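Next come the chains, spelled out residue by residue.
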Amino acid sequence: RGADPTESEQIEWEDVTEAFKIETEKLAPEKMVCTSDFELVKVMHAFEMMDTKMDAGVGYKERKFLEEVIEDGSVAAELNDEKTLDLMYYLMEAEASFLSGNMLVINMLTCVYFHKLTLVTN
């Protein structure tokens, strides 16, 4: 809220810890308690930085630039018509994901070609 509420706005809190514990014991495995506005996708995006299980950027011993992966053949520089259409479809899906509110880093920026389109021929 920011500032302290005035006397007329004082909120009375009720401790529901014990009731909550009792109800959670009734839950089936892999179930959880959440509010009606809970969105799992937002929680999944709130990963812990530098946690090797959650942060995809951690744990790489060697980083390569796009030019290097094209040179070593890991990523194709020349795309045939089918691969070009696949890439366009992927980018449209990624853009739709971004426009739906997902983070740019987990959709559009996952495409290596998106970073430097001038390297791609054809």
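Keep in mind that this is a model prediction, so the values were computed, not measured.

**As for the overall build of the protein**
Per the secondary structure count, the protein includes five helices and zero strands. Along the protein, from the amino end to the carboxyl end, the secondary structure elements read α-α-α-α-α. Counting every position in the protein, which comprises 122 residues, the buried fraction comes to 14%. In the protein, the proportion of contacts linking residues at least 24 apart, taken out of those at least 6 apart, comes to 42%. Put simply, the protein shows about 10900 Å² of open surface, and 57% of that area lies on carbon and sulfur atoms.

**Quick look at the side chain of N107**
Within the fold, N107 resides in the loop between α4 (81–99) and α5 (112–115). On the basis of relative accessible area, N107 is assigned to the buried category, the value being 3%. A distance of 3.4 Å separates a polar atom in the side chain of N107 from a polar atom in the side chain of S97. When sequence neighbours within four positions are dropped, the list of residues in contact with N107 reads Y90, A94, S97, F98 and N102.

**Notes on the pattern of salt bridges**
Within the structure shown, the criterion is met by two salt bridges. Note that E18 and K21 form a salt bridge whose closest N and O atoms lie 3.9 Å from each other. Of this pair, E18 and K21 both sit in helix α1 (residues 17–25), three residues apart, which is roughly one turn of that helix. We note a salt bridge from E23 to K26, for which the minimum N-O separation is 3.2 Å.

**Observations concerning the environment of N80**
With respect to the secondary-structure elements, N80 resides in the loop between α3 (66–71) and α4. A distance of 3.2 Å separates a polar side-chain atom of N80 from the backbone nitrogen of E82. Reaching out from N80, the side chain makes a polar contact with the backbone nitrogen of K83 at a distance of 2.7 Å.

**Points about the nonpolar core**
Counting eleven residues, the largest nonpolar core is built from L66, V69, I70, V75, L79, L87, L91, A94, M108, C111 and Y113. Counting residues per element, the ones that place at least two in this core are α3 and α4.

**Some details on α4**
Between its first and last C-alpha atoms α4 spans 27 Å; for 19 residues at 1.5 Å apiece the expected length is 27 Å, and the two agree. Residues of α4 that are buried: L87, L91 and A94. Within α4, the buried residues cover an arc of 65 degrees as seen down the axis, which keeps them to one side. With respect to the buried face of α4, the exposed residues turned more than 90 degrees away are D81, E82, L85, Y89, M92 and L99. Positive phi appears at G101, one or two residues downstream of α4, with a value of about 110 degrees.

What counts and what doesn't
- Residues numbered from 1 in each chain as written.
- Predicted model: local features only at pLDDT ≥ 70, side-chain atom pairs only at ≥ 80, totals over all residues.
- Heavy atoms only, no water.
- Helix = DSSP H or I, 4+ residues; strand = E, 2+ residues; numbered from the N terminus.
- Buried < 20%, exposed > 50% of the residue type's maximum accessible area, 1.4 Å probe, protein only.
- Contact = heavy atoms within 4.5 Å.
- Areas by Shrake-Rupley, 256 points an atom, 1.4 Å probe, with all protein chains shown as cover.
- Polar contact = N/O pair within 3.5 Å; in protein donor to acceptor, adjacent residues only side chain to side chain.
- Salt bridge = Lys/Arg side-chain N within 4 Å of Asp/Glu carboxyl O.
- Core = buried A, V, L, I, M, F, W, Y, C linked by side-chain atoms within 4.5 Å.
- Expected span 1.5 Å × (residues − 1).
- Arc of directions from axis to C-beta.

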